[in-house]
Amino acid sequence: MAEYTQKILAEYNLDAHGTTVMIQIVESSDFVPLYNVTFPGIGDATKLLVMSLRSELTAMVPIDPARLEDKRYLTALNVKYLDAGNILIDKYVPGTSSETKKLLTSYIVNMMLGLGDLEALLADENLEEIAVNGAKDYIWVFHKELGWCKTNMKPASDNAIYDQASAIGRRIGREINNLSPLMDAELADGSRVNATLYPVSQGGNTITIRKFSKNPWTMTAMIKNGTLSIELASLVWLCIQNEISLLFSGGTASGKTSFLNACSMFFPATRRIISIEETRELQLPGFAQWIPMVSRDPNPEGKGEITLYRLMVNALRQRPDIMLIGEVRTEKDAETLFEAIHTGHSVYGTVHADNAQDTIVRMTNPP
Ligand SMILES: Nc1ncnc2c1ncn2[C@@H]1O[C@H](COP(=O)(O)OP(=O)(O)OP(=O)(O)O)[C@@H](O)[C@H]1O
Ligand SMILES: [Mg+2]
(Lines give C-alpha, C1' and ligand atoms only; values in the text may rest on other atoms or scores of the structure.)
(Ligands and ions follow the chains in the order given, each with its own letter.)
Protein backbone atom coordinates (compact mmCIF):
# COMPACT_ATOMS: atom_id res chain seq x y z
CA MET A 1 0.00 0.00 0.00
CA ALA A 2 1.31 3.45 -0.90
CA GLU A 3 2.30 5.79 1.89
CA TYR A 4 0.50 9.07 1.76
CA THR A 5 1.93 12.43 2.68
CA GLN A 6 -1.07 14.04 4.30
CA LYS A 7 -0.94 17.65 3.14
CA ILE A 8 -4.49 18.92 3.56
CA LEU A 9 -5.79 20.63 0.41
CA ALA A 10 -9.31 21.36 1.65
CA GLU A 11 -11.43 20.59 4.67
CA TYR A 12 -15.12 21.27 5.19
CA ASN A 13 -18.37 19.95 6.61
CA LEU A 14 -21.53 19.27 4.65
CA ASP A 15 -25.11 18.61 5.51
CA ALA A 16 -26.66 15.75 3.53
CA HIS A 17 -30.35 16.05 4.45
CA GLY A 18 -29.58 16.14 8.16
CA THR A 19 -26.57 13.84 8.14
CA THR A 20 -23.36 15.68 8.92
CA VAL A 21 -20.52 14.76 6.61
CA MET A 22 -16.86 15.69 7.05
CA ILE A 23 -14.77 16.13 3.92
CA GLN A 24 -11.01 16.25 3.98
CA ILE A 25 -9.06 16.37 0.73
CA VAL A 26 -5.41 15.45 1.10
CA GLU A 27 -2.48 15.33 -1.24
CA SER A 28 -1.20 11.83 -1.83
CA SER A 29 1.65 10.08 -3.53
CA ASP A 30 -1.00 8.32 -5.57
CA PHE A 31 -0.97 11.00 -8.35
CA VAL A 32 -4.45 12.30 -7.46
CA PRO A 33 -5.72 13.90 -4.25
CA LEU A 34 -7.67 11.72 -1.85
CA TYR A 35 -11.18 12.86 -0.99
CA ASN A 36 -11.94 11.45 2.42
CA VAL A 37 -15.54 11.27 3.58
CA THR A 38 -16.45 10.58 7.19
CA PHE A 39 -19.82 10.47 8.84
CA PRO A 40 -19.17 11.60 12.41
CA GLY A 41 -21.24 9.59 14.86
CA ILE A 42 -21.97 6.84 12.36
CA GLY A 43 -19.43 4.06 12.66
CA ASP A 44 -19.16 0.96 10.52
CA ALA A 45 -21.13 -1.10 13.05
CA THR A 46 -23.96 1.44 13.00
CA LYS A 47 -23.97 1.41 9.21
CA LEU A 48 -24.25 -2.37 9.21
CA LEU A 49 -27.11 -2.20 11.71
CA VAL A 50 -28.95 0.34 9.58
CA MET A 51 -28.37 -1.78 6.46
CA SER A 52 -29.76 -4.83 8.21
CA LEU A 53 -32.95 -2.90 9.03
CA ARG A 54 -33.66 -2.41 5.36
CA SER A 55 -36.22 -5.16 4.85
CA GLU A 56 -37.95 -4.35 8.12
CA LEU A 57 -38.19 -0.70 7.05
CA THR A 58 -39.58 -1.64 3.65
CA ALA A 59 -42.22 -3.78 5.33
CA MET A 60 -43.17 -0.91 7.66
CA VAL A 61 -43.24 1.74 4.93
CA PRO A 62 -43.88 0.20 1.51
CA ILE A 63 -42.90 2.36 -1.45
CA ASP A 64 -45.07 2.77 -4.53
CA PRO A 65 -42.44 3.35 -7.27
CA ALA A 66 -45.07 4.74 -9.63
CA ARG A 67 -45.65 7.68 -7.29
CA LEU A 68 -42.03 8.55 -6.56
CA GLU A 69 -42.08 11.46 -8.99
CA ASP A 70 -44.76 13.13 -6.87
CA LYS A 71 -43.07 15.57 -4.49
CA ARG A 72 -45.88 15.42 -1.92
CA TYR A 73 -45.70 11.63 -1.83
CA LEU A 74 -41.93 11.81 -1.29
CA THR A 75 -42.31 14.29 1.56
CA ALA A 76 -44.89 12.04 3.20
CA LEU A 77 -42.59 9.02 2.78
CA ASN A 78 -39.77 10.99 4.31
CA VAL A 79 -41.82 11.63 7.45
CA LYS A 80 -42.91 7.98 7.61
CA TYR A 81 -39.31 6.75 7.41
CA LEU A 82 -38.25 9.14 10.15
CA ASP A 83 -41.01 7.68 12.36
CA ALA A 84 -40.19 4.09 11.41
CA GLY A 85 -36.50 4.76 12.01
CA ASN A 86 -37.23 6.07 15.49
CA ILE A 87 -39.32 2.99 16.34
CA LEU A 88 -36.63 0.57 15.14
CA ILE A 89 -33.82 2.38 16.93
CA ASP A 90 -35.83 2.26 20.17
CA LYS A 91 -36.36 -1.45 19.57
CA TYR A 92 -32.75 -2.44 18.73
CA VAL A 93 -30.65 0.22 20.46
CA PRO A 94 -32.72 1.36 23.44
CA GLY A 95 -31.35 4.36 25.28
CA THR A 96 -29.92 6.07 22.17
CA SER A 97 -29.64 9.81 22.76
CA SER A 98 -32.03 12.01 20.80
CA GLU A 99 -29.11 13.60 18.95
CA THR A 100 -27.75 10.25 17.76
CA LYS A 101 -31.27 9.23 16.89
CA LYS A 102 -31.69 12.26 14.66
CA LEU A 103 -28.43 11.39 12.92
CA LEU A 104 -29.41 7.76 12.43
CA THR A 105 -32.91 8.49 11.16
CA SER A 106 -31.62 10.98 8.57
CA TYR A 107 -29.08 8.34 7.56
CA ILE A 108 -31.94 5.86 7.18
CA VAL A 109 -33.93 8.27 5.00
CA ASN A 110 -30.87 8.84 2.77
CA MET A 111 -30.52 5.09 2.42
CA MET A 112 -34.19 4.33 1.76
CA LEU A 113 -35.17 7.30 -0.38
CA GLY A 114 -31.84 8.59 -1.65
CA LEU A 115 -28.62 7.14 -2.93
CA GLY A 116 -27.25 6.18 0.49
CA ASP A 117 -23.68 7.29 1.09
CA LEU A 118 -23.58 8.91 -2.35
CA GLU A 119 -25.89 11.57 -0.88
CA ALA A 120 -22.79 12.92 0.87
CA LEU A 121 -21.11 13.49 -2.49
CA LEU A 122 -24.29 14.91 -4.00
CA ALA A 123 -24.41 17.45 -1.17
CA ASP A 124 -20.94 18.80 -2.06
CA GLU A 125 -21.37 21.88 -4.25
CA ASN A 126 -17.67 21.72 -5.12
CA LEU A 127 -18.11 18.54 -7.12
CA GLU A 128 -18.98 18.41 -10.80
CA GLU A 129 -18.99 14.69 -11.35
CA ILE A 130 -19.36 11.50 -9.32
CA ALA A 131 -18.08 8.29 -10.87
CA VAL A 132 -18.83 4.79 -9.63
CA ASN A 133 -16.55 2.49 -11.63
CA GLY A 134 -17.67 -0.93 -10.43
CA ALA A 135 -17.38 -2.46 -6.98
CA LYS A 136 -13.64 -3.08 -7.16
CA ASP A 137 -12.66 0.56 -7.47
CA TYR A 138 -13.05 3.44 -5.07
CA ILE A 139 -15.61 6.04 -6.10
CA TRP A 140 -14.04 8.99 -7.93
CA VAL A 141 -15.17 12.61 -7.92
CA PHE A 142 -14.34 15.62 -10.09
CA HIS A 143 -13.69 18.61 -7.85
CA LYS A 144 -14.17 22.09 -9.37
CA GLU A 145 -10.72 23.28 -8.28
CA LEU A 146 -8.74 20.08 -7.75
CA GLY A 147 -9.95 17.98 -10.67
CA TRP A 148 -10.31 14.21 -10.31
CA CYS A 149 -9.94 12.91 -6.75
CA LYS A 150 -10.21 9.39 -5.41
CA THR A 151 -12.62 8.99 -2.49
CA ASN A 152 -12.33 6.57 0.41
CA MET A 153 -15.76 5.15 -0.48
CA LYS A 154 -16.30 1.85 -2.25
CA PRO A 155 -19.64 0.49 -3.47
CA ALA A 156 -20.85 -2.47 -1.39
CA SER A 157 -21.09 -4.74 -4.44
CA ASP A 158 -21.85 -4.68 -8.15
CA ASN A 159 -25.37 -5.74 -7.26
CA ALA A 160 -25.73 -2.70 -5.04
CA ILE A 161 -24.66 -0.49 -7.96
CA TYR A 162 -27.20 -2.23 -10.17
CA ASP A 163 -29.94 -1.70 -7.55
CA GLN A 164 -29.09 1.97 -7.34
CA ALA A 165 -29.09 2.40 -11.12
CA SER A 166 -32.46 0.66 -11.44
CA ALA A 167 -33.93 2.74 -8.65
CA ILE A 168 -32.77 5.94 -10.39
CA GLY A 169 -34.27 4.75 -13.69
CA ARG A 170 -37.54 3.52 -12.20
CA ARG A 171 -38.32 6.98 -10.87
CA ILE A 172 -38.45 8.43 -14.34
CA GLY A 173 -39.77 5.38 -16.16
CA ARG A 174 -36.46 4.13 -17.57
CA GLU A 175 -35.04 0.66 -17.30
CA ILE A 176 -31.59 -0.83 -17.14
CA ASN A 177 -31.16 -4.58 -17.55
CA ASN A 178 -29.23 -7.21 -19.50
CA LEU A 179 -31.11 -6.39 -22.67
CA SER A 180 -30.55 -2.66 -22.38
CA PRO A 181 -27.42 -2.29 -20.28
CA LEU A 182 -26.91 1.43 -20.96
CA MET A 183 -29.16 4.06 -19.40
CA ASP A 184 -29.40 7.83 -19.37
CA ALA A 185 -31.50 9.30 -16.61
CA GLU A 186 -31.63 12.14 -14.18
CA LEU A 187 -32.07 12.62 -10.46
CA ALA A 188 -34.89 14.60 -8.88
CA ASP A 189 -32.50 17.57 -8.42
CA GLY A 190 -31.74 17.62 -12.15
CA SER A 191 -28.34 15.90 -11.98
CA ARG A 192 -27.65 13.86 -15.09
CA VAL A 193 -26.98 10.15 -14.69
CA ASN A 194 -25.50 7.53 -16.98
CA ALA A 195 -25.35 3.89 -15.94
CA THR A 196 -23.81 0.83 -17.61
CA LEU A 197 -23.86 -2.85 -16.71
CA TYR A 198 -21.27 -5.61 -16.72
CA PRO A 199 -20.15 -7.18 -19.06
CA VAL A 200 -20.65 -4.24 -21.41
CA SER A 201 -18.62 -2.29 -18.87
CA GLN A 202 -15.93 -4.84 -18.20
CA GLY A 203 -14.85 -3.55 -14.81
CA GLY A 204 -18.34 -3.95 -13.33
CA ASN A 205 -21.50 -1.84 -13.20
CA THR A 206 -20.96 1.89 -13.43
CA ILE A 207 -22.85 5.05 -12.55
CA THR A 208 -21.64 8.49 -13.68
CA ILE A 209 -23.41 11.53 -12.26
CA ARG A 210 -22.95 15.00 -13.76
CA LYS A 211 -24.07 17.07 -10.83
CA PHE A 212 -26.68 19.69 -11.34
CA SER A 213 -25.29 23.09 -10.53
CA LYS A 214 -27.72 25.02 -8.34
CA ASN A 215 -26.51 28.24 -9.88
CA PRO A 216 -26.64 27.85 -13.63
CA TRP A 217 -23.76 29.35 -15.56
CA THR A 218 -24.35 32.94 -16.62
CA MET A 219 -22.67 34.91 -19.38
CA THR A 220 -21.21 37.32 -16.83
CA ALA A 221 -19.66 34.47 -14.84
CA MET A 222 -18.17 33.09 -18.04
CA ILE A 223 -16.72 36.46 -19.00
CA LYS A 224 -15.30 36.86 -15.50
CA ASN A 225 -13.56 33.49 -15.50
CA GLY A 226 -12.08 34.09 -18.92
CA THR A 227 -14.15 31.60 -20.91
CA LEU A 228 -14.87 34.28 -23.49
CA SER A 229 -14.21 37.96 -24.06
CA ILE A 230 -16.80 40.72 -23.74
CA GLU A 231 -16.50 41.21 -27.52
CA LEU A 232 -17.32 37.58 -28.25
CA ALA A 233 -20.24 37.61 -25.79
CA SER A 234 -21.54 40.75 -27.52
CA LEU A 235 -21.27 39.05 -30.89
CA VAL A 236 -23.28 36.08 -29.59
CA TRP A 237 -25.87 38.50 -28.23
CA LEU A 238 -26.12 40.30 -31.59
CA CYS A 239 -26.53 36.96 -33.38
CA ILE A 240 -29.34 35.89 -31.07
CA GLN A 241 -31.04 39.28 -31.24
CA ASN A 242 -30.92 39.04 -35.05
CA GLU A 243 -32.21 35.47 -35.10
CA ILE A 244 -29.01 33.92 -36.40
CA SER A 245 -28.75 30.23 -35.50
CA LEU A 246 -25.67 29.00 -33.64
CA LEU A 247 -24.02 25.67 -32.93
CA PHE A 248 -21.80 25.23 -29.90
CA SER A 249 -19.13 22.60 -30.35
CA GLY A 250 -16.47 21.12 -28.13
CA GLY A 251 -15.25 17.88 -26.64
CA THR A 252 -16.86 15.92 -23.81
CA ALA A 253 -17.54 18.06 -20.75
CA SER A 254 -16.03 21.13 -22.42
CA GLY A 255 -19.00 23.27 -21.34
CA LYS A 256 -21.27 23.18 -24.43
CA THR A 257 -24.54 22.77 -22.55
CA SER A 258 -23.53 25.34 -19.93
CA PHE A 259 -22.75 27.85 -22.67
CA LEU A 260 -26.05 27.19 -24.42
CA ASN A 261 -27.76 27.75 -21.10
CA ALA A 262 -25.83 30.97 -20.46
CA CYS A 263 -27.00 32.23 -23.87
CA SER A 264 -30.60 31.88 -22.80
CA MET A 265 -30.40 35.23 -21.03
CA PHE A 266 -30.18 36.80 -24.49
CA PHE A 267 -33.39 35.21 -25.76
CA PRO A 268 -36.03 37.93 -26.09
CA ALA A 269 -39.01 37.40 -23.78
CA THR A 270 -41.36 37.73 -26.74
CA ARG A 271 -40.18 34.47 -28.30
CA ARG A 272 -41.62 31.00 -27.82
CA ILE A 273 -38.88 28.49 -27.00
CA ILE A 274 -38.91 24.71 -27.34
CA SER A 275 -35.97 22.73 -26.00
CA ILE A 276 -35.22 19.13 -26.93
CA GLU A 277 -32.82 17.06 -24.85
CA GLU A 278 -32.07 13.50 -23.90
CA THR A 279 -32.00 14.41 -20.24
CA ARG A 280 -33.14 17.65 -18.68
CA GLU A 281 -30.17 19.96 -18.27
CA LEU A 282 -31.25 23.34 -19.54
CA GLN A 283 -32.74 25.84 -17.09
CA LEU A 284 -34.16 28.90 -18.74
CA PRO A 285 -34.98 32.19 -17.02
CA GLY A 286 -38.48 32.36 -15.54
CA PHE A 287 -39.76 35.00 -17.97
CA ALA A 288 -39.45 32.75 -21.00
CA GLN A 289 -42.34 31.00 -22.73
CA TRP A 290 -40.59 27.67 -22.67
CA ILE A 291 -41.67 24.10 -23.50
CA PRO A 292 -38.95 21.68 -22.36
CA MET A 293 -39.13 18.26 -24.09
CA VAL A 294 -37.07 15.12 -23.43
CA SER A 295 -36.61 12.00 -25.52
CA ARG A 296 -37.45 8.50 -24.29
CA ASP A 297 -35.83 5.09 -24.76
CA PRO A 298 -37.94 2.16 -25.98
CA ASN A 299 -39.35 -0.18 -23.35
CA PRO A 300 -38.03 -3.79 -23.15
CA GLU A 301 -40.43 -4.82 -25.96
CA GLY A 302 -38.85 -2.16 -28.13
CA LYS A 303 -41.93 0.08 -28.02
CA GLY A 304 -42.60 3.65 -27.08
CA GLU A 305 -39.31 5.21 -28.16
CA ILE A 306 -39.37 8.96 -28.70
CA THR A 307 -36.20 10.03 -30.46
CA LEU A 308 -34.67 13.50 -30.53
CA TYR A 309 -35.44 13.51 -34.23
CA ARG A 310 -39.16 12.91 -33.66
CA LEU A 311 -39.24 15.64 -31.06
CA MET A 312 -37.59 18.01 -33.49
CA VAL A 313 -40.15 17.23 -36.19
CA ASN A 314 -42.92 17.59 -33.63
CA ALA A 315 -41.53 20.88 -32.36
CA LEU A 316 -41.91 22.37 -35.83
CA ARG A 317 -45.67 21.96 -35.37
CA GLN A 318 -45.64 23.71 -32.01
CA ARG A 319 -44.86 27.10 -33.52
CA PRO A 320 -41.54 27.74 -31.86
CA ASP A 321 -39.56 30.89 -32.54
CA ILE A 322 -36.46 29.42 -30.95
CA MET A 323 -35.47 25.76 -30.84
CA LEU A 324 -32.79 24.46 -28.51
CA ILE A 325 -31.30 21.09 -29.38
CA GLY A 326 -29.43 19.43 -26.51
CA GLU A 327 -27.16 17.48 -28.78
CA VAL A 328 -27.05 17.06 -32.53
CA ARG A 329 -25.81 13.54 -33.07
CA THR A 330 -27.23 11.71 -36.08
CA GLU A 331 -27.48 12.65 -39.73
CA LYS A 332 -31.25 12.91 -39.35
CA ASP A 333 -30.85 15.29 -36.39
CA ALA A 334 -28.60 17.53 -38.47
CA GLU A 335 -30.99 17.43 -41.43
CA THR A 336 -33.92 18.42 -39.25
CA LEU A 337 -31.85 21.16 -37.68
CA PHE A 338 -31.12 22.71 -41.05
CA GLU A 339 -34.72 22.24 -42.13
CA ALA A 340 -35.80 24.14 -39.04
CA ILE A 341 -33.36 26.93 -39.88
CA HIS A 342 -34.58 27.06 -43.48
CA THR A 343 -38.18 27.37 -42.34
CA GLY A 344 -37.34 30.47 -40.39
CA HIS A 345 -36.59 29.30 -36.87
CA SER A 346 -33.60 30.23 -34.78
CA VAL A 347 -31.89 27.06 -33.67
CA TYR A 348 -29.26 26.74 -30.97
CA GLY A 349 -27.67 23.39 -30.41
CA THR A 350 -24.57 21.61 -29.19
CA VAL A 351 -22.47 19.24 -31.23
CA HIS A 352 -19.49 17.10 -30.37
CA ALA A 353 -16.47 18.32 -32.36
CA ASP A 354 -13.06 19.55 -31.33
CA ASN A 355 -13.09 22.89 -33.13
CA ALA A 356 -15.02 25.05 -35.58
CA GLN A 357 -13.37 23.42 -38.61
CA ASP A 358 -14.31 19.93 -37.40
CA THR A 359 -17.84 21.12 -36.76
CA ILE A 360 -18.22 22.14 -40.39
CA VAL A 361 -16.73 18.82 -41.53
CA ARG A 362 -19.17 16.95 -39.27
CA MET A 363 -22.14 18.97 -40.48
CA THR A 364 -21.32 18.53 -44.16
CA ASN A 365 -20.39 14.85 -44.17
CA PRO A 366 -22.37 11.76 -43.19
CA PRO A 367 -21.23 10.36 -39.80
N1 LIG B 1 -17.08 28.18 -18.77
C2 LIG B 1 -16.87 27.28 -17.81
N3 LIG B 1 -15.89 27.45 -16.90
C4 LIG B 1 -15.66 26.51 -15.93
N5 LIG B 1 -16.40 25.38 -15.78
C6 LIG B 1 -17.39 25.16 -16.67
C7 LIG B 1 -17.67 26.09 -17.71
N8 LIG B 1 -18.70 25.62 -18.44
C9 LIG B 1 -19.05 24.45 -17.87
N10 LIG B 1 -18.28 24.17 -16.80
C11 LIG B 1 -18.39 22.99 -15.95
O12 LIG B 1 -17.93 21.88 -16.72
C13 LIG B 1 -18.79 20.75 -16.56
C14 LIG B 1 -19.28 20.27 -17.92
O15 LIG B 1 -20.15 21.22 -18.48
P16 LIG B 1 -21.26 20.88 -19.55
O17 LIG B 1 -22.21 19.85 -19.06
O18 LIG B 1 -21.84 22.18 -19.99
O19 LIG B 1 -20.35 20.27 -20.71
P20 LIG B 1 -20.79 19.58 -22.08
O21 LIG B 1 -19.74 19.96 -23.07
O22 LIG B 1 -22.20 19.91 -22.41
O23 LIG B 1 -20.63 18.06 -21.68
P24 LIG B 1 -21.17 16.76 -22.48
O25 LIG B 1 -20.15 16.51 -23.57
O26 LIG B 1 -21.12 15.70 -21.43
O27 LIG B 1 -22.54 17.08 -23.00
C28 LIG B 1 -19.93 21.20 -15.65
O29 LIG B 1 -19.74 20.67 -14.36
C30 LIG B 1 -19.84 22.71 -15.64
O31 LIG B 1 -20.22 23.26 -14.39
MG1 LIG C 1 -23.82 18.64 -22.82
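Residues numbered from 1 in each chain as written. Chains lettered and ligands numbered in written order. Predicted model: local features only at pLDDT ≥ 70, side-chain atom pairs only at ≥ 80, totals over all residues. Heavy atoms only, no water.

### Description of the overall build of the chain
Helices and strands together make up the secondary structure of the chain, namely 12 helices and 14 strands. Taken over the C-alpha atoms alone, the chain extends approximately 70 × 50 × 40 Å along its principal axes. Here the chain holds 367 residues, and the buried ones make up 41% of them. Taking as baseline every contact in the chain between residues at least 6 positions apart, the subset at least 24 positions apart corresponds to 50%. In the chain, the 34 positive side-chain charges and the 43 negative ones have mean positions that sit 5 Å from each other. (Helix = DSSP H or I, 4+ residues; strand = E, 2+ residues; numbered from the N terminus. Buried < 20%, exposed > 50% of the residue type's maximum accessible area, 1.4 Å probe, protein only. Contact = heavy atoms within 4.5 Å. Lys, Arg positive; Asp, Glu negative; His and termini not counted. Charge placed at Lys NZ, Arg CZ, Asp CG, Glu CD.)

### A closer look at the pairing of strand β1 (residues 8-16)
Sheet topology places β1 next to strand β2 (residues 19-26); 8 bridges connect them, and they run antiparallel. Residue pairing across strands places A16 opposite T19, the latter belonging to β2. The turn linking β1 back onto β2 is made up of 2 residues, and H17 within it adopts a positive phi angle of 50 degrees. (Pairing = 2+ DSSP bridges.)

### Brief notes about the site of ligand 1
In the vicinity of ligand 1 lie 16 residues, with R210, T227, K256, T257 and S258 positioned nearest. Between ligand 1 and T227 there is a distance of 2.8 Å, counted from a nitrogen atom to a side-chain nitrogen or oxygen. Take G255: an N or O atom from its main chain is 3.0 Å from an oxygen atom of ligand 1. Expressed as a share of its isolated accessible area of 630 Å², the protein-covered part of ligand 1 is 85%. No other element matches helix α9 (residues 256-263), which puts 3 residues into the shell around ligand 1. (Near = heavy atom within 4 Å. Polar contact = N/O pair within 3.5 Å; in protein donor to acceptor, adjacent residues only side chain to side chain. Areas by Shrake-Rupley, 256 points an atom, 1.4 Å probe, with all protein chains shown as cover.)

### Here we look at the packing of aromatic side chains
Using the criterion set out here, one finds 5 aromatic pairs in the structure. Ring plane angle 85 degrees and centroid distance 5.3 Å describe the contact between F142 and W148, whose orientation is recorded as edge-to-face. Looking at W148, the relative accessible area reads 38%, which means it is partly exposed. Plain terms: the ring middles of W237 and F266 are 5.0 Å apart, the flat faces sit at 5 degrees to each other, and that makes the pair stacked. Taken together, the residues W237 in helix α8 (residues 230-241) and F266 in the loop between α9 and β11 (272-277) connect sequence positions 29 residues apart. The class for W237 is partly exposed, based on a relative accessible area of 46%. Lying over the aromatic face of Y138, K154 brings its terminal NZ or CZ to 4.7 Å of the ring centre. (Phe/Tyr/Trp six-rings, centres within 6.5 Å; stacked < 30°, edge-to-face > 60°. Lys NZ or Arg CZ within 6 Å of the ring centre and 35° of its normal.)

### Focus on the domain arrangement of the chain
You'll often see interface size given as the accessible area lost when the parts meet. Taken domain by domain, the chain comprises domain 1 (8-210) and domain 2 (219-364). Just the C-alpha atoms count here: the centres of domain 1 and domain 2 sit 32 Å apart. The partner domain 2 presents 9 residues to the 9 residues of domain 1 that form the contact. Counting the surface lost from both domain 1 and domain 2, the interface buries some 770 Å², and carbon and sulfur atoms represent 42% of this. Summed over the three residues of domain 1 that lose the most area to domain 2, namely R174, E186 and R192, the buried surface amounts to 52% of that side. At the junction of domain 1 and domain 2, the tally comes to 1 salt bridge. Here E281 makes a salt bridge to R192, at a shortest N to O gap of 3.1 Å. The interface formed by domain 1 and domain 2 holds 4 residue pairs in polar contact (both at pLDDT 80 or more) in total. It is strand β7 (residues 182-186) that provides the largest number of residues to the side of domain 1 that touches domain 2, a total of 3 residues. (Domains from an automatic or database assignment. Buried area = accessible area lost by both parts, 1.4 Å probe. Salt bridge = Lys/Arg side-chain N within 4 Å of Asp/Glu carboxyl O.)

### Focus: the environment of F267
Relative to the elements of secondary structure, F267 occurs in the loop between α9 and β11. In this structure F267 touches I240, I273, F287, I322, L324 and Y348, once residues within four positions along its chain are discounted.

### Section: the pairing of strand β9 (residues 206-210)
Every regular strand shows the same layout, with side chains that alternate between the two sheet faces. Looking at chain direction, strand β4 (residues 127-133) and β9 are connected through 5 bridges and run antiparallel. Directly across from I130, in β9, lies its bridge partner I209. Where strand β8 (residues 192-196) and β9 come together, 5 bridges link them in antiparallel fashion. Bridge assignment links A195 to a residue of β9, and that residue is I207.

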